[in-house]
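# Structural characterization, general
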Amino acid sequence: MLDGKTIAITRSKDDASEFISLAEQNKAIPIPLPTIELVSKGEKIVDDFLNLVETENPDYSVFLSSKAVKILFDTAKNIGNFEKLQLAVANTSVMSVGPKTTESLKSYGIKVNHEPQNYSSVGVGEEFSQIHAVGKKVIIPRSGASNSFLKELLNKIGIDVVEIHLYDVCAFRDTTQWNGFRELFSQNKVDGVIFTSASSVRGFFEIMLKDYEKSDLIDRLSKLALVCIGPFTSEELKKFDVSYVVSETHTVAGAFDAMKSTLTA
């Protein structure tokens, strides 16, 4: 048990229900921190996606987050193009990066054909290697802040990749929701922070560096247990010269287990 330990996660309250449940089960105090905002590129993303499907004729569509699923399909609903989008995606073999994204796709009536065992870009590459997709074409709707790792990985395997950027990412602007965390952090009453994406690392530091000098912030964070949900998150956190643990399983539950192990060691 984590009796009374205060643990923050770089997600909004709406996106942190699983974390909050796990924390409460373990007698910990959860603090959700909305760290990033997603800014959709607008209604044109649906037409752009449909046009790419028509012109490129991809064999697979790959969804790397539930956010990408929601933004694309909700936008299609709003402009009356939902069924057309649904059909376009269904005409490809659909791969989801993990369970949460799979559930999101299912909620929009999309059957998921493939889900890697390793819920990450590396896992997606491993899955494509196993299903012998050399020479096939893949469409990936994703964030404009994404790195080129997955595209380069799939290209090496021999897969043609078409990316479409649905949204941009910026630091969360209304940080009044951070006031409780700020107060506890200033009193050294926060025990750990779970970072859930490279973007959330950048957002966290952008927000916190408005209150602290970098050296002071790093010093304070060095006294906390820091957990990254996966390798890309850790690569971003590495830039700030703090110690951290990387979750073996790249899920919220896996990151929570890593935090629990660190705080009870």
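In this text the structure is predicted, and so the values were computed from the model without any measurement.

### Describing the sheet that holds strand S3 (residues 36–40)
As a general point, the strands of a sheet are linked pairwise by backbone hydrogen bonds and lie either parallel or antiparallel. Overall, mixed pairing links the five strands, which are arranged S3-S7-S6-S4-S5 in an open sheet. A strand with exactly one partner marks an edge of an open sheet, and here the two such strands are S3 and strand S5 (93–96). Taken over all neighbouring pairs, the strand axes of this sheet differ in orientation by 25° on average, direction set aside.

### Details of the packing of helix H2 (residues 44–56) against helix H3 (residues 66–78)
Running from N to C, H2 and H3 cross one another at 105°; their axes reach a closest spacing of 8 Å. Looking at the two axes, H2 sits roughly perpendicular to H3. In this structure, H2 contributes Ile45, Val46 and Phe49 to the contact, and H3 contributes Ile71, Leu72, Thr75 and Ala76. Among the residues forming the contact of H2 with H3, the class breakdown is six nonpolar, one polar and no charged.

### Re the UniProt feature "domain: Tetrapyrrole biosynthesis uroporphyrinogen III synthase" (unreviewed entry) in the chain
UniProt records the feature "domain: Tetrapyrrole biosynthesis uroporphyrinogen III synthase" (unreviewed entry) for residues 18–256 in the present numbering. In the segment residues 18–256, helix accounts for 46% and strand for 19%; the C-alpha atoms at its two ends are 10 Å apart.

Parameters at a glance
- Residues numbered from 1 in each chain as written.
- Predicted model: local features only at pLDDT ≥ 70, side-chain atom pairs only at ≥ 80, totals over all residues.
- Heavy atoms only, no water.
- Pairing = 2+ DSSP bridges.
- Helix = DSSP H or I, 4+ residues; strand = E, 2+ residues; numbered from the N terminus.
- Axes fitted to C-alpha atoms, helices over the stretch in contact; angles between N-to-C directions.
- Parallel < 35°, antiparallel > 145°, perpendicular 65-115°, else oblique.
- Contact = heavy atoms within 4.5 Å.
- Nonpolar A, V, L, I, M, F, W, Y, C, P; charged D, E, K, R; others polar.
- UniProt positions renumbered as here; feature names shortened; annotations may be inferred.

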